[in-house]
Amino acid sequence: WARPLAGGAAGSRKMPPLPTGKALASPSAAGTANTGGSSSLYARNTSPLTEVLAGTLAGACEAFTVHPLDSLKTQFHVRSGSGSVSILAELTRQTRQGGLASLYRGVIPAMVRPQCLVMYVANENSKRLVAGKEGSLTWATAVGAGLLSGLPEAIAVNPFEVVKVRMQALEHRGRFRSSIECLQYLWRKEGLGSLYRGIDATIGRNCIFNGAFFGSIHIFKDQFKLEEGPATNLALGTAGGFIATCVKQPFDVAKSRIQNTLRAASSASTPSDQAYNNIFQAIPKIYRQEGVAGLYKGFVITYARMSIGQGVALMVFEETINLLRSLSHE
């Protein structure tokens, strides 16, 4: 350092000044820096506890907010045959007959099921799995991460879904007074396997929905350069929910009908008990009997439920993540 550069002091070269306002980083460091940015464009490094807390809170808020719409969605799905019913008229009729509480039948399994928890936490881990060297995602890898997240989510939520569907269906209102009573019936009369009834349809529904949902959110953020914020996340969840509902609807209708079908533990089951057995039998049967309209039965109420619910869930999840990260200085 003390030795002058060749050429003497007069001939020594000065180093050019570093550019101001910009941080220099290696490619790997750039990827780490980006993890604090847009949640869908990059795989971020967040602690598991932070993700679990955010997912749990998002799921509870989402379920309680849209449960009346979710009840109608299930009722529309399991109603076979043609004909349409006004959403507002049906909400009014059920509220008058059974009070507001009637629209919240099955809300307990809906709120405690780990759907948003597993959906969002699995997606965060799937993003880290498929992300590039700098932690960035393309629309294709965002879709792939969403598809991967649907499998553990379906396995985790299916028992809760069976109880919820039975509680929400109108034909079972006199049969089950509570979710606990419904669970006891399933355990004693239909066996442990009944809690995983329709698992193939649930896997198909969740994988397709998550791939379309998270993939579309990535595209919106990437193309329109959207900034993070509660209003943005609410809007993105609503838009992504519409696109995802369009592609997952047939699987959702089939799932509801399979899980709503009573299956006696004995061999004396009537043919009607075997109406919908699995995804490969249910979707073709609905199509043959009711056409494409049958596979998209209740689409409007499903879209309303999914878009509002996913908007709320995404907003709560992202804002909770941001809050906990700031508190823990992640």
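Residues numbered from 1 in each chain as written. Predicted model: local features only at pLDDT ≥ 70, side-chain atom pairs only at ≥ 80, totals over all residues. Heavy atoms only, no water.

*Asks:* Kindly report on the overall build of the protein chain, identifying the contributing residues and their values.
*Replies:* Tallying secondary structure elements over the protein chain gives 12 helices and zero strands in all. Shown N-terminal to C-terminal, the secondary structure of the protein chain runs as helices and strands in the order α-α-α-α-α-α-α-α-α-α-α-α. Residues counted as buried form 46% of the 330 residues belonging to the protein chain. By element, 66% of the accessible surface of the protein chain is carried by carbon and sulfur atoms, the whole surface being about 16,300 Å². (Helix = DSSP H or I, 4+ residues; strand = E, 2+ residues; numbered from the N terminus. Buried < 20%, exposed > 50% of the residue type's maximum accessible area, 1.4 Å probe, protein only. Areas by Shrake-Rupley, 256 points an atom, 1.4 Å probe, with all protein chains shown as cover.)

*Asks:* So, empty space enclosed by the protein: which residues are in play, and what are the values?
*Replies:* Throughout the structure, instances matching the rule amount to two cavities of 30 Å³ or more. The wall of the largest cavity is formed by 19 residues, among which Gln-115, Arg-205, Arg-305, Met-306 and Gln-310 lie closest to the centre. Contributing elements (two or more residues each) for the lining of the largest cavity: α3 (48-78), α6 (115-130), α7 (139-168), α9 (199-224), α10 (230-260) and α12 (299-328). For the lining of the largest cavity, the element with the most residues is α9, which contributes four residues. Of the residues that constitute the lining of the largest cavity, the class distribution is four nonpolar, four polar and 11 charged. (1 Å grid on protein atoms, 1.4 Å probe; cavity = no way out; pocket = protein on both sides within 12 Å on 5 of 7 lines; lining within 4 Å. Points joined across faces, edges and corners; volume = space filled by probe spheres on them. Nonpolar A, V, L, I, M, F, W, Y, C, P; charged D, E, K, R; others polar.)

*Asks:* Please provide a residue-by-residue account of helix α11 (residues 279-295), values included.
*Replies:* Over its 17 residues, α11 runs only 12 Å from end to end, short of the ideal 24 Å by more than 12%, given 1.5 Å per residue. Maximum bend of α11: about 105°, positioned at Gln-289. Of the residues making up α11, those classed as buried are Ile-279, Ala-282, Ile-283, Lys-285, Ile-286, Glu-290, Gly-294 and Leu-295. The opening residue of α11, the one whose side-chain oxygen lies 3.0 Å from the backbone nitrogen of Phe-280, is Asn-278. (Expected span 1.5 Å × (residues − 1). Bend = angle between axes of the 7 residues up to and from the residue. Polar contact = N/O pair within 3.5 Å; in protein donor to acceptor, adjacent residues only side chain to side chain.)

*Asks:* Give a detailed account of the side chain of Asn-210, specifying residues and quantitative values.
*Replies:* You can see Asn-210 is positioned in helix α9. Looking at Asn-210, the relative accessible area reads 1%, which means it is buried. A distance of 3.0 Å separates polar atoms of two side chains, one belonging to Asn-210 and the other to Ser-149. The contact partners of Asn-210, leaving out residues within four places of it in the chain, are Met-119, Gly-146, Ser-149, Gly-150, Glu-153 and Gly-215. (Contact = heavy atoms within 4.5 Å.)

*Asks:* Help me get a handle on the environment of Gly-150, residues and values and all.
*Replies:* Along the chain, Gly-150 falls in helix α7. Classification of Gly-150 as buried rests on a relative accessible area of 0%. Residues Gly-150 and Phe-209 lie 59 residues apart in sequence; the distance between their C-alpha atoms is 7.9 Å. Discounting chain neighbours no more than four positions away, the residues touching Gly-150 are Asn-206, Cys-207 and Asn-210.

*Asks:* Explain the packing of aromatic side chains to me, and be specific about the residues and the numbers.
*Replies:* For the structure on display, the rule yields 10 aromatic pairs. Ring geometry for Phe-176 against Tyr-185: centres 5.3 Å apart, planes inclined by 65°, an arrangement best described as edge-to-face. Measuring from ring centre to ring centre gives 6.1 Å for Tyr-296 and Phe-299, while their planes differ by 55°; the resulting arrangement is tilted. Of the residues examined, Tyr-296 reaches a relative accessible area of 31% and is grouped as partly exposed. Under the relative-accessibility criterion, Phe-299 is labelled partly exposed at 22%. Among the aromatic side chains, those forming a connected cluster through ring pairs are Tyr-120, Phe-209, Phe-213, Phe-214 and Phe-317. (Phe/Tyr/Trp six-rings, centres within 6.5 Å; stacked < 30°, edge-to-face > 60°.)

*Asks:* How would you sum up the nonpolar core? Please name residues and give values.
*Replies:* The nonpolar side chains of a soluble globular protein tend to be buried with one another. In terms of nonpolar packing, the biggest core is built from 18 residues, with Met-119, Tyr-120, Phe-209, Phe-213 and Phe-317 touching the most fellow members. The set of elements that each furnish at least two residues to this core consists of α3, α6, α9, α10 and α12. When residues of this core are assigned to their parent elements, the largest contribution, seven residues, is made by α12. Residues within four places of Tyr-120 in sequence aside, it is in contact with Phe-213, Phe-214, Gln-310, Ala-313, Leu-314 and Phe-317. Judged by nonpolar contacts, the second largest core, of 11 residues, contains Ala-201, Ala-275, Ile-283 and Ile-286. (Core = buried A, V, L, I, M, F, W, Y, C linked by side-chain atoms within 4.5 Å.)

*Asks:* Break down unusual backbone geometry for me, citing the residues and quoting the values.
*Replies:* A positive phi angle, near 50°, is found at Lys-225, a position not held by glycine. Among the secondary structure elements, Lys-225 is positioned in the loop between α9 and α10. Assessed through its relative accessible area of 59%, Lys-225 is described here as exposed.

*Asks:* So what's going on with the pattern of salt bridges? Which residues, and what values?
*Replies:* Enumeration over the complete set of coordinates arrives at 17 salt bridges. For Arg-93, the salt bridge is made with Glu-90, and the minimal N-O distance between the two is 2.7 Å. Of this pair, Arg-93 and Glu-90 both sit in helix α4 (residues 87-98), three residues apart, which is roughly one turn of that helix. Lys-255 is the partner of Glu-161 in a salt bridge, and the nearest nitrogen-oxygen pair spans 2.8 Å. Within this pair, whereas Glu-161 is found in helix α7, its partner Lys-255 is found in helix α10, the two being separated by 94 residues in sequence. Judged by relative accessible area, which is 2%, Glu-161 ranks as buried. Each member of the salt-bridge network shares a partner with another, and the members are Lys-73, Arg-113, Glu-161, Arg-205, Lys-248, Asp-252 and Lys-255. (Salt bridge = Lys/Arg side-chain N within 4 Å of Asp/Glu carboxyl O.)

*Asks:* Hey, could you go over α7 for me, with residue numbers and the actual values?
*Replies:* In an α-helix there are 3.6 residues to a turn, and that puts residues three or four apart on one side. In a regular helix each residue adds 1.5 Å, so 30 residues correspond to 44 Å; α7 covers only 36 Å between its end C-alpha atoms and thus falls short of that length. The largest bend in α7 comes to about 50°, at Val-157, with the proline Pro-159 one to four residues further on.

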